[in-house]
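# An overview of the molecular structure
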Amino acid sequence: MATFLYRLGRGAFRRRGLVALVWVALLFAAGFGAATASAPTSGSFSIPGTEAQKAFDLLDKKFPGMAADGATARIVIKAPAGATVNDPKNKAEVEKIVSGLKSGPGAAQVASVTDPYQAQAVSQDASTAYVSVKYDVSGMELKDETRDALKGSGTQAKAAGLTVEIGGDALMTAPETGSGEIVGILIAGIVLVITFGSLIAAGLPLLTALIGVGIGVSSIAALANVLDLGSTTSTLAMMIGLAVGIDYALFIVSRYRVELAEGRERDEAAGRAAGTAGSAVVFAGLTVVIALVGLAVVNIPMLTKMGFAAAATVVIAVLVALTLVPAILGFAGKKVLPAGTKSRLFGKGRPAGATPKPNGGTRWARFVLRRPVMVLLVGVIGLGAIAIPASKLEMGLPDDGAQPVSTTQRKAYDLLSEGFGPGFNGPLLVVVDGDKKLADETQGRIKGLEGVAAVTPPAPNEAGDAAVITVIPKDRPSSVETENLVHTIRDGSGDDVLVTGATAMNIDFSQKMNDALLPYLALVVGLAFLLLMVVFRSVLVPLKAALGFLLSVVAALGAVVAVFQWGWLGSLFGVEQTGPIMSMMPIFMVGVVFGLAMDYEVFLVTRMREAYVHGERPGQAVVTGFQYSARVVVAAAVIMIAVFSGFIGASEQMIKMIGFGLAVAVFFDAFVVRMAIVPAVLALLGHKAWWLPRWLDRLLPNVDVEGESLRKHLGEAAQDTEGPDKDRELVNA
């Protein structure tokens, strides 16, 4: 592989004009496709194999149109104190809202509007009423005129003294990341300038990463409706693509500069950078792709598509690093080197024969080697303490009750809870696949259950072979009592009585996430363990990598629970409303963080193994690995944390939570696990860390991440002794 990548990088450098033209053409093609494609929808949501989904499918079959994906809205009207919505003046204002929605601006997209006085949508004390609106299209497809008409429907009623708030997914808009994303990229640029000491070298990873992300995100936008991709898919792909794109380019450019410092020609330096650092980029990217594609085992289409889309963006980032980065290096010339001829980064300006001063990575590695047990205990106990809140993890899907209290959706949610009861915002739909007799029996049985506030009479379909019963729980949708009620109804029913609705879908989704977590972990960690065993020719190093990842991801989940569920430091991160953690968050974090964690493992430990196989003692190999990689790995981690942190300012709770979780997880994994626990464990293991049974060594393919075959191919086997010493002098500077 190293030889192939060497030829690829050198070829891209020499044919830089053609390579750059191809990538720019791809960017324009993807951008044109995105510009001409229709706006993405919110994406369909299904949970195959669950009772809620079976009931939903039965609804679609027996009640055509009832299970349509069109947007819905509830306009909640509350009368002032001492009055009711039945008062003639107030009733007239409510009826104006109904007639305005039916015939006013945006009415072309309205499927139906219910009159609260005819639909019995008035609370028992007549203080509150609501108007239900159904649209022909999803919330993302509503025209501005339609959405504006909905928002302004209660203007006159408010002027008359009524309280009017609007809930439902009709107000859904594309998630906004805010200015935090720009700040994250700016921080990444500052880190690159400090790392490289050159504006050209710092700008190159940013430029190539943006090109790669531009192609990936534009392609997702162009195919969004064809592949039924959700509106958040492109945001998540951008988040991950930016982080890995900058990091992968950083490693290639860093190695290229070292090769230049050794006096090699520029095309040769580009080829060697691609053949050595490029090999680590390929395997690091492969672990990320495995983790993201592995989300398919959960068998939830939305999550699978998100994983595949993000994985495609990572693949593009790898290809950009291996081809476009060498090509841009060709255009940049020697401007990628620090300004001035006495740059300490390359050892210039030192008197001949002077002993190089150990760099920060060297000093830290030697400190860990002197006190491995203490460092290991502090790291493990510290992350273990942070992980404690994860034991209280509560999962659920967000609804309007999770919105900030300042939003109209949350106010409408609270008004409905006050006027109609806590369970009104999460009604259960019981679908009966049978005649009227079975439907009546089912209604009678549900009426007598504890936790039921109200049960509507069965509503049969035209054929009379199915019916729908609406059940209003006494407790709020996300409560344990409501979940128990769903299970009670299901346990007492046969296969012809199914429970669905948003609350039931939430319960089934959370259960499916829980059931899939262990199989997913086994698949992803197992495949990555085999991959790392091939890369490092060791059994204990991959095992240590996997255990360290589990520690960092559980600690990150603990931090997420503390901030988003308990509200600790919530105001610092813009968390206006605490609540259950989104059901997909744990498994998504496991997938993404595992792939990213293995990046640092590959980049850091590859250098250690290279030193070890060239004859260094285990302890000295750890020091050498830190000499080569610590500075770059720290810079890469800071960049990734900055990029992820930028998404904490997003308007959508899911994006905000994932941005925070990934930023914290990368911090824990890079600075605690990889930079502290890993060298401590390797110091304690000694030679055993690199042990591999001979029979297994013969079975495993030799991928040569260290580039040994490349050295032999270039006829440099005799220079092995000189090379590491010279490299070490350069890095120590």
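Here the structure is a predicted model, which is why all the values come from computation and not from measurement. (Residues numbered from 1 in each chain as written. Predicted model: local features only at pLDDT ≥ 70, side-chain atom pairs only at ≥ 80, totals over all residues. Heavy atoms only, no water.)

### A short note on the confidence of the model for the protein chain
Overall, the prediction assigns the protein chain a mean pLDDT of 83, with 90% of residues at 70 or greater. Per-element mean pLDDT across the protein chain ranges from 39 in helix α24 (residues 722-732) up to 95 in helix α13 (residues 372-387). Long-range and interchain partners of residues 340-355, a stretch whose pLDDT sits below 50, account for 24 contacts in this model, where long-range means more than four residues apart. Predicted confidence for residues 717-733 stays below pLDDT 50, and this span has 36 contacts to residues more than four positions away or in other chains. (pLDDT = per-residue confidence, 0-100. Helix = DSSP H or I, 4+ residues; strand = E, 2+ residues; numbered from the N terminus. Contact = heavy atoms within 4.5 Å.)

### Things to note about the sheet that holds strand β4 (residues 163-167)
Where strands meet in a sheet, backbone hydrogen bonds hold them as pairs that are either parallel or antiparallel. A sheet is described by the order of its strands in space; here four strands give the open sequence β2-β3-β1-β4, paired in antiparallel fashion. What marks the edges here is a single partner per strand, and that holds for β2 (110-113) and β4. Averaged over all neighbouring strand pairs, the angle between strand axes comes to 20 degrees, with direction disregarded. Note: β2 against strand β3 (residues 128-135), three bridges, orientation antiparallel. Pairing of serine 112 across the sheet is with lysine 134, part of β3. Helix α14 (residues 408-420) contacts β1 (72-78), β3 and β4 of the sheet and is inclined by roughly 110 degrees relative to β4. (Pairing = 2+ DSSP bridges. Axes fitted to C-alpha atoms, helices over the stretch in contact; angles between N-to-C directions.)

### Things to note about a nonpolar patch on the surface
A cluster of nonpolar residues, Val297, Leu523, Leu527 and Leu530, forms a patch on the protein surface that exposes about 310 Å² of accessible area. With respect to the element layout, valine 297 can be found in the loop between α10 (266-293) and α11 (301-332). (Patch = residues over 30% accessible without salt bridge, like charges linked within 9 Å, V, L, I, M, F, W, Y side chains within 5 Å. Areas by Shrake-Rupley, 256 points an atom, 1.4 Å probe, with all protein chains shown as cover. Salt bridge = Lys/Arg side-chain N within 4 Å of Asp/Glu carboxyl O.)

### Structural notes on the packing of aromatic side chains
Inspection of every chain in the model, using the stated rule, returns ten aromatic pairs. Both rings, one in tyrosine 612 and one in tryptophan 690, keep their centres 5.6 Å apart while their planes meet at 25 degrees; by these two values the pair is stacked. Of this pair, tyrosine 612 sits in helix α19 (residues 585-613) while tryptophan 690 is found in the loop between α21 (653-685) and α22 (694-699), placing the two residues 78 residues apart along the sequence. For the pair phenylalanine 667 and phenylalanine 671, a centre-to-centre distance of 5.5 Å together with 40 degrees between the ring planes defines the contact as tilted. Of this pair, phenylalanine 667 and phenylalanine 671 are both found in helix α21, four residues apart, which corresponds to roughly one turn of the helix. (Phe/Tyr/Trp six-rings, centres within 6.5 Å; stacked < 30°, edge-to-face > 60°.)

### Observations concerning the pairing of β4
For a regular strand, side chains alternate in direction, first toward one face of the sheet and then toward the other. Within β4, four of the five residues are buried, which leaves the element mostly enclosed by the surrounding structure. Pairing between β1 and β4: five bridges, direction antiparallel. If you follow isoleucine 75 over to β4, its bridge partner there is isoleucine 166. (Buried < 20%, exposed > 50% of the residue type's maximum accessible area, 1.4 Å probe, protein only.)

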